[in-house]
Amino acid sequence: MSIVVLPQDDEYVLNYCARYLTRENQEIRHNYGQFEEQDALGSICESWRFPSVDSYWDGKDPKTSYFYNRVTFVYKHSGSSPPGEVRLIGNFACLYESFLLQPVRFLGEPTVYHALTLVLPKGKVYVYKFIVDGRVCLDAINPQRVVLDNGQPWSRLFTDLCPELLSFEPAEVELLARLTGSVLPLHRAERRCFIDRYYEQIDRESRKVEYAHTQRLDRSVGVVNFIDKLLARQERHHLIAYRLCLPIIDKLLRAAHPDSEPAQLPEVVFDELCRAMARGRVPGWDYTAYNSPAYFLQLLRRHTFTGAFSHPKYGGNVGAAGWAYLEERYRNPEGDTLFAWRRAIEYPLGSSTVYRG
Amino acid sequence: MHNDFDVVIIGSGAGGAPVAHTLAQAGKAVLVIEKGPLFRPQYQSPNGLSDFKRDELFATGPEKRIRVPGVSNWGESYYSSHVEPDLNDEPHIYQGEDGRDRATIEGYTAQVVGGGTQLYGGVSLRYCPIDFCLGSFNAERTDLQDDPAGDIRREARDWPITYADLEPYYGRAERLIGINGTRSGQAKPFGGDYYQRPLPPNAISDYVKTGLDALGLASYRTPLAVITEDHAPSGRCVPAESEVAKSGFINRYGDPLGLKSNTWVSLLTPVSRLENFALWTNCVVTHLGCAPGGRIDRLFYRDPSGAARRLDLKPGAVVVVACSAIESVRLLALSALEGAEFDRRIHHNDLLGAYFLTHCLGGAEAIMHRRCDKSRSLDSDWATDACQSEAFLHQTGLWAGGVIYNNTSDQALPLSLARTHGSQDLDTIWRAFEGDTRLLGEPLIDFLDQSFGTLLSVCFMANQVPLKSNRIALHPSARDKWNRPAAYIIKQWHPHDIAAMNLLAEQCARILRFGADPVHGRHPIEGQGGVHLAPNARARIANHILGGARFGADPADSVLDPTCRAWQFDNLYVTDGSFMPTSGGANPTLTIQANAFRIADHLLARI
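Parameters and conventions
Residues numbered from 1 in each chain as written. Chains lettered and ligands numbered in written order. Predicted model: local features only at pLDDT ≥ 70, side-chain atom pairs only at ≥ 80, totals over all residues. Heavy atoms only, no water. Helix = DSSP H or I, 4+ residues; strand = E, 2+ residues; numbered from the N terminus. Buried < 20%, exposed > 50% of the residue type's maximum accessible area, 1.4 Å probe, protein only. Contact = heavy atoms within 4.5 Å. Lys, Arg positive; Asp, Glu negative; His and termini not counted. Charge placed at Lys NZ, Arg CZ, Asp CG, Glu CD. Polar contact = N/O pair within 3.5 Å; in protein donor to acceptor, adjacent residues only side chain to side chain. Core = buried A, V, L, I, M, F, W, Y, C linked by side-chain atoms within 4.5 Å. Buried area = accessible area lost by both parts, 1.4 Å probe. Salt bridge = Lys/Arg side-chain N within 4 Å of Asp/Glu carboxyl O. Pairing = 2+ DSSP bridges. Axes fitted to C-alpha atoms, helices over the stretch in contact; angles between N-to-C directions. Domains from an automatic or database assignment. Nonpolar A, V, L, I, M, F, W, Y, C, P; charged D, E, K, R; others polar. Phe/Tyr/Trp six-rings, centres within 6.5 Å; stacked < 30°, edge-to-face > 60°. Lys NZ or Arg CZ within 6 Å of the ring centre and 35° of its normal.

Peer 1: What is the right way to read the overall build of chain B from this model?
Peer 2: Within chain B, the regular secondary structure consists of 15 helices and 22 strands. Relative to its 607 residues, chain B shows a buried fraction of 71%. Counting contacts in chain B only where the partners sit at least 6 residues apart, residues at least 24 apart contribute 74% of the total. Considering chain B, the positive charge centre built from 58 side chains and the negative charge centre built from 69 side chains are found 3 Å apart.

Structure (C-alpha cells):
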C-alpha cells in the first residue's frame, strides 16, 4: 500500500509544537535521568511527544480508520534563515522515496517549523531521518534512536498497539510478567476463567475484524507490553530502575531456587517477593546496585495498574481485557453491568459511533 | 503587524470570551490572544477528530519530575494533563508551612482556547445575594467564631455591585453558554429560567437526595455547563442518544463532542467567522506598555515560533486582561518591571496581588451499600444552599456560607480511582496509592471490589476570609521558560476558615450518613475534612483562583474600579476572577462569566 500523505493543517501542527518547543530559558529542566547530563534534549519539554502519533479518521469507516495512526513529523530550524527544503525518509516506504515537509505558517508568515503528516498502520516500529538541504540528519527533538546493524543511527517511532519489544529482552519479559501478575493477579482464581475466555473471544473476533495487534503477550492483560512502551517513550527515565532491578531479582531467585528457572517458580514465591519488596527488606537483594526495593515496587504497582486499565492503544489492557474484567465482575442483581465502558469508547474497540477516538 | 483592533483580550476563558462575544457581535474589531492551542471538538475539526480524548492518560499524563532550581520539592513527581502548563516551564511557587518554597501544580487552569472551562466539571452556580455584601453583613456582628483579632470585620468588603445588578448577566450567561439544572430550591432570585433540563441523575446520587431530604435541606439539580438539548445560541446539537455526554470523562477532561459548554464552543465559535474577530493562538503576551496619560498603547508577545513581537494599539483601543487571577496579576506585575509609567500607575497603592483568594473547600466521602455505574455520570447531580442562609450563619457563627453538592464523576473510572486514592489534589496524585503498599496482590483486587462504583463524595465550596497577607507576587529567583519571574503564592488559612471547613465537612458527612441510613444517620464515613488538613494545605486552590486585583469604589482600597478598569489607567481592564473582593459561596466560573458580560456592556458604551 502506498503511503497516504494528509493535507497540511498548520493550526494542528502549531497546536502541537508551540507549548513544547518554544522557550528562551535553556536550563536542563526536563531531564529526569533519561538523557546524558548536559544533553540538549533535557531542555525540551516532553520531547517524547515527537513525532506526534495521533488517532486517524478517514471520514467514512471507523473500523478501517481504527487500524491507522496519523503521524506528524516536525522539523524545527534554529538558524537565522530557514532551510530551503526538508525531506523525510524512512522504512515506512522505500528508502529512496522521500517526502517533502511543508513550511508551517502563522498569520500568513513562516514559522520555524516544517511538518508532514502521514497515515501509518498501527502496531509498527519505524526508523526515519530528515534530509535538510541535502544533509541527512536525525530528528533533533525525538529522543528515540536506534543503531541499525550497519552501525548507522536512525530516529525511531512506534505507532499505537505496538507489540514489538523495545525496552526489554524476552527473558526480562517473562520475569516481569510474573511480578506484575503478583501485583495485580487478574489471571488467578475464578478470574482466570474470565480472562482466558475473553482472550479466546478476541481471537475469534480478530479473524473477522483484523485485531492484528491484540496479542496475548502475558497473563496480566498486557501490562508488560505497556511498561515496555512506557519506558521506551514517556517514562524512559525509569528504564534504569528496571534494568537494575530485574537482574537483581533474577539473581536472588536463582540463588534461593537453584533448580528452577525464575520465571517458572510458583506464584507464592513471587507473592512473597513482592511483599518483601514492599517492606523494603528482601533477602539476597543487592542494595549496592539498587538501594530501595520498596521504591521499585511502588513504581511497578503504578505501572501495572495503569497498564491494566489505560486505553489499549498504549499497549496494555489488550483488547480492553482489563475493562472487560470490570464490566463482567460488577453487575447489579438484574445482571446489568455496572461499568458500561463500551458506550463511551470509540468503535470498534467500544460501541460508540459518536465518539471517534 | 495589525493595529486596527478596538479591543485586545488576553485569555479566552470565562473572563475573556464573554467580552469577545459581546463586542464582536456588536461589530467591534476584536482580537483574542491565547497562550494555548485551539483544540476543536469533532464536529468542527477538519480531520473529524478532536484533540480531546476519552483517555484517562490525557487527564493525568506520565510521571515527570520537578526540576525548578531552588525549590525544596526538587525531584518530586508531578503529573499534568496535556493542556496544563508544564511545571518546570511555567512554575508556580508557594510558601509552605515551614517557610520553604515549593513548586505546585495547584492553581493552574488549562492553557487552551476556552481556558479552565475546557477541563472543569461544569458546575455553574450563581452566588447568593449575601455573597455581595459580606462587609455590611458582618460589620456589627459579635457572634463570629474563631476571629479573635477581628480580621473579618476589618477585611470583609461589600462588592461595588449587588446581586440585582448582576442578575441580568447571570441570565445572559446561562442562556448563551448552555447550562442544565433546576431553579427550584436555590436561594437566589431568578429573573428568568434559562436552564436546559437536567439528565436523570446517576443512581448513586439517590443517596445524596435521600440524605438531603432526611435532614430537611432544600435541594436542586446542580447547574452544569453541559447541553442536554440543541442549543441555538451556539449552534450545537445533541446526538439522538442524549445521555452520550454522561461518560465519566468529565472533570479534568476536555469534551471531544463539544457538549460541555466551554467558552470556545459556546461563545467564541458563534463569532469566529466574523471578519471583525481574530483569534491568535499559541501566543504568550509577555508584558504591556503604557503611554503617559495611562493608556496602554502596545503589548509584547511571543508568537508560536517563540519570536518576540510587538503589537501597537490604535487610539481608543481597550485591553482586557483575563488570564486567570494568578497569571493576570503576574502579567501586570511583569509589565510594571518593564516600564516606569506602568509601574507608577499599577502600584499607586500596595494592593496588586493582595487579598488573593480561593475557596474553603472539602467534604466527606463514604462507601455506599449499593454499587452503581459511575461511568454514566456528569460532574454533580444534587446541590443545596442550606448553608448559605443568614439564619445558618448566625446559628453557626460563620461569617459567610457555602454551597454543598455531590461529586458524581469522581473516581468513576479505574485509573482515577487509584491515582486519587487517599488524596485528590493535583500535587499528590498517585502518591498515596504508591505509598499504600497494602494494596498488593489480592488486597488490590479487594480494593477494586470495595471501591469501584461505591465511593460517593459530597463537597462544599465556601467563602475564604480575605487577608492582605494572602497574595500573589513575583518570585525573587524562580524563572519560567521565557526567563520571567515565576508567580509566587503566599497564603495561609485563617482560623475562621478552618472552623468553617470543619463545620461544613460535618454537614457533608451528615448528608452521607443519613443518605445511607435515613432513620439513624449512622452510616460510616471514610474521611471528612477541609483542605487545611492536607500536607500541602497552603497550596490547595482547586483551580478557583480569585482576588489579587479586587474591584471597589474607593481607589485607595482597590486595584480596579467598579467597571473592572485599573485605577489610573484609561483602557486597561481585568475580567477574570481576580476582581473579586470576596470569593463567594460557590464555584466561581458563572459569576466570572456574568461579570465579564457586564463589563462588555460597559465597553460597548465607550468604544
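Still more to cover.
Peer 1: Is there a simple way to explain the side chain of B:S80 in this structure?
Peer 2: By the element assignment, B:S80 lies in the loop between β4 (77-78) and β5 (92-95). Here the side chain of B:S80 touches B:K64 through a polar contact of 3.1 Å, side chain to side chain. Every residue in contact with B:S80, bar those within four places of it in the chain, is listed here: A:R19, B:A59, B:T60, B:G61, B:K64, B:P85, B:I105 and B:R252.

Peer 1: Looking at this structure, I do not really get the nonpolar core. What am I missing?
Peer 2: The nonpolar side chains of a soluble globular protein tend to be buried, and buried together. Residues and elements named next belong to chain B. Membership of the largest hydrophobic core comes to 181 residues, with the highest contact counts inside it found for W280, L288, F342 and L572. Looking at this core element by element, the count peaks at nine residues for helix α14 (residues 495-516). The residues touching L288, leaving out its near neighbours within four places in the chain, are I10, I296, R298, L299, V319, V321, L332, S335, F342 and L572.

Peer 1: Just checking my understanding: could you explain the interface of chain A and chain B for this structure?
Peer 2: The figure often quoted for interface size is the accessible area lost as the parts come together. Between chain A and chain B, the residue contacts involve 74 residues of the former and 85 residues of the latter. Taking both sides of the interface into account, the surface hidden between chain A and chain B amounts to around 6,800 Å²; carbon and sulfur atoms contribute 54%. Its largest share of buried area at the contact with chain B, chain A owes to A:R29, A:R301 and A:R343, together 12% of the area lost on that side. At the boundary of chain A and chain B, one finds ten salt bridges. Close ionic contact of B:E434 with A:R302 constitutes a salt bridge, the shortest N to O distance being 2.9 Å.

Peer 1: What is the right way to look at the sheet that holds strand β12 (residues 318-321) of chain B in this model?
Peer 2: What links the strands of a sheet is backbone hydrogen bonding, and the strands pair in either a parallel or an antiparallel sense. Residue and element names in this part refer to chain B. Across the sheet, five strands lie side by side as β8-β2-β1-β12-β22; this open sheet has parallel pairing. The open sheet has two edge strands with one neighbour each: β8 (277-280) and β22 (572-574). For this sheet, the mean inter-axis angle between neighbouring strands, taken without regard to orientation, is 20 degrees. Seen against the sheet, helix α1 (residues 17-25) touches β1 (7-10), β2 (30-33), β8 and β12 and runs at an angle of roughly 160 degrees to β2.

Peer 1: Any chance you could explain the domain arrangement of chain A here in plain terms?
Peer 2: Residues and elements named next belong to chain A. By domain assignment, chain A separates into domain 1 (4-158) and domain 2 (170-343). With centres defined by C-alpha atoms, the gap from domain 1 to domain 2 works out at 31 Å. Contacts between domain 1 and domain 2 engage 14 residues on the former and ten residues on the latter. Counting the surface lost from both domain 1 and domain 2, the interface buries some 1,300 Å², and carbon and sulfur atoms represent 65% of this. For the domain 1 face of the interface with domain 2, the top three residues by lost area are W48, F67 and F158, together amounting to 44%. Viewed at the interface, domain 2 and domain 1 are joined by zero salt bridges. Taken together, domain 1 and domain 2 are joined by two residue pairs in polar contact (both at pLDDT 80 or more). When the residues that make up the side of domain 1 that touches domain 2 are grouped by side-chain class, the tally is seven nonpolar, four polar and three charged.

Peer 1: What is the right way to look at the sheet that holds strand β17 (residues 455-463) of chain B in this model?
Peer 2: All names here are of chain B. Reading across the sheet, the six strands line up as β7-β15-β16-β17-β14-β20 and stay open at both edges, with antiparallel pairing between neighbours. Across the chains shown, the open sheet's two edge strands, defined by having one partner strand only, are β7 (220-221) and β20 (527-530). In this structure, strand β15 (residues 382-384) lies alongside strand β16 (residues 402-407), joined through two bridges in antiparallel fashion. What sits directly across from A383, in β16, is Y405. The strands touched by helix α6 (residues 206-214) within the sheet are β15, β16 and β17, with β15 carrying the most contacts at an inclination of about 25 degrees.

Peer 1: Would you explain unusual backbone geometry in this entry?
Peer 2: Of all residues except glycine, most have a negative phi; of all peptide bonds, most are trans. Here A:F50 and A:P51 are connected by a cis peptide whose omega angle stands at -10 degrees. Relative to the assigned elements, A:P51 resides in the loop between α1 (10-21) and β2 (52-55). A cis amide bond links A:Y347 with the next residue in sequence, A:P348, at an omega value of 10 degrees. With respect to the helices and strands, the residue A:P348 is situated in the segment after α9 (321-329). With phi around 50 degrees, A:E46 is a residue other than glycine that occupies positive phi space. You can call A:E46 buried: its relative accessible area is 7%. With a phi angle near 75 degrees, B:W430 is a residue other than glycine that sits in the positive phi range. Within the secondary structure, B:W430 sits in the loop between α11 (414-419) and α12 (431-435). The exposure class assigned to B:W430 is buried, which follows from its relative accessible area of 3%.

Peer 1: When you look at the pattern of salt bridges in this model, what are you seeing that I'm missing?
Peer 2: Under the counting rule described, the total for this entry stands at 63 salt bridges over all chains. Through salt bridges that share partners, B:K35, B:E90, B:E327, B:R330, B:D480 and B:R484 make up one connected network.

Peer 1: Would you mind showing me how to read the packing of aromatic side chains here?
Peer 2: Given two aromatic rings, their pairing is described by the distance between the two centres and the angle made by the two planes. Inspection of the entire model under this criterion finds 36 aromatic pairs over all chains. Centroid distance A:Y128 to A:F130: 5.9 Å. Interplanar angle 70 degrees. Geometry classified as edge-to-face. There is no split in this pair, since A:Y128 and A:F130 are both buried. Among the aromatic residues, those joined into a cluster by ring pairs are A:F73, A:Y75, A:F92, A:F99, A:Y126, A:Y128 and A:F130. The ring centre of A:W154 lies 4.4 Å from the NZ or CZ of A:K129, which sits over that ring. Above the ring of B:W74, the side-chain terminus of B:R67 is found at 4.2 Å from the ring centroid.

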